[in-house]
Amino acid sequence: MEDGGEKVRHLFNSYHEAVFKVDPLTLRNDDEIRRQQKKLEGVAAPLGESSENSQLLQKLLYENYTGYQANGKAVRVQSPVDQLLPLSESLVYNVEVTLREIVQKSIEHSLSKFPSLKQAVEAKVVSKIFDTKRDQTIQFIRQFLAMQKKSIDLVYAPVPTPREISLWEEYPMVEHSHLPMEKRKCHPCMTSKTMSHMKDLAKKLYPEPLLKEIETVSAHRTYVNYKELDEMKNIKKNVVRCFNVLKMNMCDTVPRCILHFFVTQLVDDLGSALEQENLVEFLQERKDIRDKRAICRKQSLALAEALPRTTNVLDKLLRMKQGTPVKAGK
């Protein structure tokens, strides 16, 4: 089971990495974002620093869009949020395969002498339970993903980018501001375990190519002034930040969901199903074991018949050796 647990943990880690790699700005150009913004002018809520409640962000995160490849060819791209579903479903299937192998080995070990019962348990109990748990898990994930599309007023603090963290590290403590750069020290909070975890998370959520996409201006797009350019960068940064919140929600909830349905409930449901199913009729041993048992039974009966006839053999042999006449019938 420990080996199986390691496999499941590896699958969870791989899932996290795959989710972090989903790029909400892939093949998306500034013109497409601007068109969406113009459609909502006068309707959308003001675009805040990280406003998840912005209708513009909802459109950019939750709706399919037309992307453009390097050669200018238009392609239809699935919404960033919907791209998370195939990754989650793949994780469910992979965990199911791993746990099936564990259960299968346990059945092989426990019921190897009862092939009929083994087949019945696999067909009537194990397959049925796993199919049910898989469907329940995927259904919950789909519902959870749909819930992520519901706008809320509560906005979580976004994870800062690696560049922002670097700027914080360069900013000295007040009492060291008069010292030369080589003698200045960072604030203690910048060397804490929390900040170390934040740095690691920032690298995963903001890979360098994604940061370049935020800063890069579409080649065919001309901006009137720097304000318009900064606004576009701000929109793209907010898209990434809000999507990062959704990514972390999925990375936290999907593994918990799988553990709940495929581990906690699976054990209980397997036990209940085994009690409910009438499997007595399948309690048959393997043919070679049955044949061996029949031979042993015949040998046992033969010995049982022979033993009464040999009860006085030893006594007769002793008398014959001593020359004592043996009475008839004794």
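Located above this text is the structure these notes cover.
Residues numbered from 1 in each chain as written. Predicted model: local features only at pLDDT ≥ 70, side-chain atom pairs only at ≥ 80, totals over all residues. Heavy atoms only, no water.

## So, the pairing of strand 2 (residues 74–77)
Our working definition: Categorising residues by exposure relies on relative accessible area from a 1.4 Å probe, with only protein chains included: less than 20% of the type maximum marks a residue as buried, more than 50% marks it as exposed, and the intermediate range marks it as partly exposed. For the purposes of this entry, the term helix denotes a DSSP run of H or I that reaches at least four residues, the term strand denotes a run of E that reaches at least two, and both are numbered from the N terminus. For two strands to pair, DSSP has to find at least two bridges joining them.
Residue alternation in strand 2 divides its side chains into a buried set, Val75 and Val77, and an unburied set, Ala74 and Arg76. Relative to strand 2, strand 1 (residues 65–68) runs antiparallel, the two being bridged by 4 bridges. Note on strand 2: the bridge partner recorded for Thr66 is Arg76. Where strand 1 folds back onto strand 2 in an antiparallel hairpin, the turn is made up of 5 residues, including Gly72, whose phi is positive at roughly 90 degrees.

## As for the pattern of salt bridges
For clarity, the cut-off: Note on definitions: salt bridges are taken to be side-chain nitrogens of Lys or Arg within 4 Å of carboxyl oxygens of Asp or Glu.
The full count for this structure, using the stated rule, is 18 salt bridges. One salt bridge connects Arg100 with Glu96, and the closest N-O pair in it is separated by 3.0 Å. Taken together, the residues span about one helical turn, with Arg100 and Glu96 both in helix 4 (residues 84–111) at a distance of 4 residues. Since its relative accessible area comes to 25%, Arg100 is described here as partly exposed. Taking the relative accessible area as the measure of exposure, Glu96 reaches 5% and is therefore buried. Among the salt bridges present, the one from Asp131 reaches Arg100, with a minimum N-O distance of 3.3 Å. Of the two residues, Asp131 is situated in helix 5 (residues 115–148) and Arg100 in helix 4; the sequence distance between them amounts to 31 residues. On the accessibility criterion, Asp131 (29% relative accessible area) is partly exposed. It is possible to trace a salt-bridge network through shared partners that takes in Glu96, Arg100, Asp131, Arg134 and Asp135.

## Details of the side chain of Ser88
Heads up, the rule is: For the purposes of these results, a polar contact is taken to be a pair of N or O atoms within 3.5 Å, where, inside protein, one atom must be able to donate a hydrogen and its partner to accept one; residues adjacent in sequence count only when each atom of the pair is a side-chain atom.
Looking at the secondary structure, you find Ser88 in helix 4. By relative accessible area, which is 0% here, Ser88 ends up buried. A polar contact is formed between the side chain of Ser88 and the backbone oxygen of Leu84, at a distance of 3.0 Å.

Any functional reading would require information beyond the geometric quantities listed.
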